[in-house]
Amino acid sequence: MEHPATIVTGAGSGIGRATAVARAALGHALTLAGRTASKLAETAALCTAAGAPEPLAVPGDLADSGIAHGVVDRTIAARGGLDVLVNCAGSAPLAPIGHSDEEIIEEAFLHNAFAPAFLIVRAWPHFTQRRAGCVVNVSSLASSDPFHGFFAYAAAKAAVDSFTRSMHGEGAKLGIRAFCVNPGAIETPMLRRNFPEKVLPTSRTLPPEAVAAVIVDCIEGRREQDRGKSIVVAR
């Protein structure tokens, strides 16, 4: 396709927004998914300014399988196909084990594990038929270093690491490429909801653009040695 079709979830801010803008600068036709329509509109404007075709914005909670499937279906219908899926959306409820109630555990797994799984499974038959496709999952350094307070979040992100290994194992022979990026402390609104600067100063964080650059390298074929692996991005 003249403009490769890319879905970016969590595109309203942080790593998702930085990734969308980076893909826009390379001329990709973008589908922006996230929970807040106004934030997606801001990202869409940045993508258009970067030179991309007008993005398709799909607001909604991707933990709802119907909404997640609709993101994939609408992209294929609007763009004539799908080339890349980037799973950036997530939620990071902070609670130690003793305070991890059912609501916190459900939130962590629905948004960090179930949502990307719904998108991957929906896109898989299309990638298989085309014998081409790329999925980049954004996990977390917490999946291998579950620091205090991320009991549920770290486990949910570990599932994303496992999804990537499974996709690589099943998809390599089908022309489907899978990567996982595991950021440490990244300067995003989600980080600051949990950790104020007096606890985690900006000198110890990275900008979201640093993670977006790694995601772009995976998509563009500059990290082929890392297929199926978890790529740590941290100071």
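Our structure is the block above this text.
An account of the accompanying structure is given in this report. (Residues numbered from 1 in each chain as written. Predicted model: local features only at pLDDT ≥ 70, side-chain atom pairs only at ≥ 80, totals over all residues. Heavy atoms only, no water.)

**Considerations on the state of the cysteines**
So, step 1. This structure, assessed with the given rule, holds 0 disulfides.
So, step 2. Cysteine Cys 180 shares no disulfide, and the gap to the nearest cysteine sulfur, in Cys 218, comes to 9.4 Å.
So, step 3. With no disulfide of its own, Cys 218 has Cys 134 as its nearest cysteine by sulfur position, at a separation of 7.1 Å.
So, step 4. By relative accessible area, which is 0% here, Cys 218 ends up buried. (Disulfide = S-S within 2.5 Å. Buried < 20%, exposed > 50% of the residue type's maximum accessible area, 1.4 Å probe, protein only.)

**Describing helix α4 (residues 102-130)**
So, step 1. Between its first and last C-alpha, α4 extends 40 Å over 29 residues, near the 42 Å set by a 1.5 Å rise per residue.
So, step 2. By the largest-angle criterion, Leu 110 marks the main kink of α4, which is about 40°.
So, step 3. Note on α4: the residue one or two positions beyond its end, Arg 131, has a positive phi of about 55°. (Helix = DSSP H or I, 4+ residues; strand = E, 2+ residues; numbered from the N terminus. Expected span 1.5 Å × (residues − 1). Bend = angle between axes of the 7 residues up to and from the residue.)

**Details of the packing of aromatic side chains**
The relative placement of two aromatic rings is captured by the distance of their centres and the angle of their planes.
So, step 1. Considering all chains together, one arrives at 3 aromatic pairs under this definition.
So, step 2. For the ring pair Phe 114 and Phe 118, a centre distance of 6.1 Å and an interplane angle of 85° mean the geometry is edge-to-face. Here Phe 114 pairs with Phe 118, and both are found in helix α4, just 4 residues apart, close to one helical turn.
So, step 3. Given the relative accessible area of 41%, Phe 114 is considered partly exposed.
So, step 4. Ring pairing ties together the aromatic residues Phe 147, Phe 150 and Tyr 153, which thus form one cluster. (Phe/Tyr/Trp six-rings, centres within 6.5 Å; stacked < 30°, edge-to-face > 60°.)

**Some remarks on the pairing of strand β5 (residues 133-138)**
So, step 1. Within β5, 6 of the 6 residues are buried, leaving the element largely enclosed by the surrounding structure.
So, step 2. Because side chains alternate across β5, one face comprises the buried residues Gly 133, Val 135 and Asn 137, and the other comprises Cys 134, Val 136 and Val 138, equally buried.
So, step 3. For the segment spanning strand β4 (residues 84-87), α4 and β5, crossover handedness is right-handed.
So, step 4. Pairing analysis gives 6 bridges linking β5 to strand β6 (residues 176-183), with the strands arranged parallel. (Right-handed = clockwise from strand over helix to strand, strands pointing away. Pairing = 2+ DSSP bridges.)

**Topic: the sheet that holds strand β3 (residues 56-59)**
Think of a sheet as strands paired side by side through backbone hydrogen bonds, with each pair either parallel or antiparallel.
So, step 1. Spatial strand order, β3-β2-β1-β4-β5-β6-β7: 7 strands in an open sheet with parallel pairing. The open sheet has two edge strands, β3 and β7 (230-233), and neither has a second partner. On average, adjacent strands in this sheet sit at an angle of 15° to one another, irrespective of strand direction.
So, step 2. The sheet contact formed by strand β1 (residues 5-9) and β4 spans 3 bridges and is parallel. Looking at the pairing, Ile 7 lines up with Leu 85 of β4.
So, step 3. Of the strands in this sheet, β1, β2 (29-34), β4, β5 and β6 touch helix α1 (residues 14-24), which is tilted by about 165° from β1. (Axes fitted to C-alpha atoms, helices over the stretch in contact; angles between N-to-C directions. Contact = heavy atoms within 4.5 Å.)

**Thoughts on helix α2 (residues 37-49)**
So, step 1. Here α2 is 13 residues long and its end C-alpha atoms lie 18 Å apart, about the 18 Å a rise of 1.5 Å per residue gives.
So, step 2. Among all positions in α2, only Leu 40, Thr 43, Ala 44 and Cys 47 are buried. With its buried residues spanning 105° around the axis, α2 presents them on a single face.
So, step 3. Positive phi appears at Gly 51, one or two residues downstream of α2, with a value of about 110°. (Arc of directions from axis to C-beta.)

**Notes on unusual backbone geometry**
So, step 1. One non-glycine residue, Arg 131, lies in positive phi territory at about 55°.
So, step 2. Within the fold, Arg 131 resides in the loop between α4 and β5.

**A look at the side chain of Thr 9**
So, step 1. Inspection of the secondary structure puts Thr 9 in strand β1.
So, step 2. In terms of polar contacts, Thr 9 uses its side chain to reach the backbone amide nitrogen of Cys 88, at 2.9 Å.
So, step 3. Those residues in contact with Thr 9 that lie beyond four places of it in its chain are Gly 16, Ala 33, Leu 62, Val 86, Asn 87, Cys 88, Ala 89 and Leu 119. (Polar contact = N/O pair within 3.5 Å; in protein donor to acceptor, adjacent residues only side chain to side chain.)

**Observations concerning the pattern of salt bridges**
So, step 1. All chains considered together, the criterion is met by 9 salt bridges.
So, step 2. The residue Arg 130 makes a salt bridge to Asp 83 at a minimum N-O spacing of 3.1 Å. Linking Arg 130 in helix α4 with Asp 83 in the loop between α3 (65-79) and β4, this pair joins segments that are 47 residues apart in sequence.
So, step 3. A residue is classified by how much of its surface remains accessible, and Asp 83, at 17% relative accessible area, is buried. (Salt bridge = Lys/Arg side-chain N within 4 Å of Asp/Glu carboxyl O.)

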